[in-house]
Amino acid sequence: MVKTVFAALLITACAIGAAAQAQSTSNGGANTLGKIKAAKTINIAYSADSLPFSFDGPDKAPLGFSIELCKRVVAQIGRAVGEPDLAIKWIAGSVSERLQMVASGRADLDCANSSQTQSRLAHVDFSNLIFIDGGGLLVKSGSPVNQVSDLSGKKVAVIKGTTTATRLADALRLRLVNAGLVPVNDGASALAMLEAGTVDAVASDKVKLVGLAIQAKEPAKLALVAEDFSIEPYAFALPRNDSALRLEVNKALTQVYVSGDIEVIFAQWLGKLGRPTGLLSAMYLLNAIPE
C-alpha cells in the first residue's frame, strides 16, 4: 500500500514539476531575482501558528522546520543575486492569504506548510517537496471517533482555505457520512472549540495537530486518531513562470538534503515524533539531485 501511494505521489510530483517548467519556459518567466537584488530585500510569507513548521517565537521572530529551510534558501538567493546580506521582510498570513501574496507579487516566497495541489498551480508554482504529512483528526481522549466514518452527526472544526477542508469534505461524501464542518480562521480557534466541547474533532495535517495538542491546557486529555484521510505534500510556493527563482530555491533544498543538514533540522523541530518515515526519507533522497 505504501509503495503504491509513494509511486502515485512521485508520478504526480514529476508531472506537476514538468508542467510548471514548461509553462515557465513558454511564457518567458518573471524576474523575481532582479526585484530582490534591486530592493536588497526578500519578502517571505509565513504562518504565525503552524507549530512546528512555521510560527511566531517568544520575540515574534518566525521559527520552525520550514523557517530553517527557508533561511538556507534566502542565503542561496543572496549568493545568486550578489547580495549576501539580504534583508528579510516576514509577512504572516493564513494559507489562502499567503498564496495570494505570492500570486500578487506581495511576497516572493511562501515558507510554511502549504500543500502542493494542481488547483493551486493555476496561481502559483512550487519548489521541490519539503515534507509529506497526512490529514488527520484530533479528538478528546475516550472519544468514540476512531476514524472518519465515526463522524456521523459530529461537528468538526477545520481551518478555512486549507486542503484539509476540501479533502475531508470529499472523504465524508465518499463514505456517505453526514458530519458538520465548522470553518475557523486558525488552529488556536479550533483547539479552543474542541476544549470547550463545541466541536467533536479538529481536522488538519497530523503534525500540526500534534503541535496544537502540545499547546492545549491539558494535552493528556487529547488524542490523535490513527487514520489518515489524505496525503499532504508540502512545498514552498513561488511566483508562477519564474524558473530562475525556482532553480535557486531547489538548489538550496538539494544542498540541505545532500549535506545531511536535514537530519539536524528534522531532529530540532520534529525529533520528538520519532525518525522520518520511509516515505519522507525516500522523498529527501529523490530530491537530492546532483549537480
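Note that the structure is a prediction, hence the values are computed from the model and not measured. (Residues numbered from 1 in each chain as written. Predicted model: local features only at pLDDT ≥ 70, side-chain atom pairs only at ≥ 80, totals over all residues. Heavy atoms only, no water.)

Description of the pattern of salt bridges
Taken as a whole and judged by the stated rule, the model has 11 salt bridges. Here Asp-261 ties to Arg-72 by a salt bridge, and the two come within 2.8 Å at their closest N and O atoms. In this pair, Asp-261 sits in helix 9 (residues 261–270) while Arg-72 sits in helix 3 (residues 65–81), placing the two residues 189 residues apart along the sequence. Of the residues examined, Arg-72 reaches a relative accessible area of 32% and is grouped as partly exposed. Salt-bridge contacts for Arg-167 lead to Glu-232; the nearest nitrogen and oxygen are separated by 2.7 Å. With Arg-167 in helix 5 (residues 163–174) and Glu-232 in strand 12 (residues 230–238), this residue pair connects regions lying 65 residues apart in the sequence. (Salt bridge = Lys/Arg side-chain N within 4 Å of Asp/Glu carboxyl O. Helix = DSSP H or I, 4+ residues; strand = E, 2+ residues; numbered from the N terminus. Buried < 20%, exposed > 50% of the residue type's maximum accessible area, 1.4 Å probe, protein only.)

A closer look at the state of the cysteines
With the rule as written, the count across this model stands at 1 disulfide. At a sulfur-sulfur separation of 2.1 Å, the disulfide partner of Cys-70 is Cys-111. The S-S bond linking Cys-70 to Cys-111 shows a torsion near 65°; that makes this disulfide right-handed. Separated by 41 residues along the polypeptide, Cys-70 in helix 3 and Cys-111 in the loop between strand 6 (109–110) and strand 7 (125–140) bring together distant segments of the chain. (Disulfide = S-S within 2.5 Å.)

Examining helix 9
What helix 9 keeps buried is the set Ile-262, Ile-265, Phe-266, Trp-269 and Leu-270. Buried residues of helix 9 fall within an arc of 100° about the axis and therefore sit on the same side. (Arc of directions from axis to C-beta.)

Notes on the sheet that holds strand 4 (residues 62–63)
Reading across from one edge, 2-3-4 is the order of the 3 strands in this open sheet, with antiparallel pairing throughout. Looking at strand neighbours, the two that pair on one side only are strand 2 (49–50) and strand 4, the edges of this open sheet. Of the strand pairs in this sheet, strand 2 and strand 3 (residues 54–56) are connected by 2 bridges, and their pairing is antiparallel. Residue pairing across strands places Ser-50 opposite Ser-54, the latter belonging to strand 3. (Pairing = 2+ DSSP bridges.)

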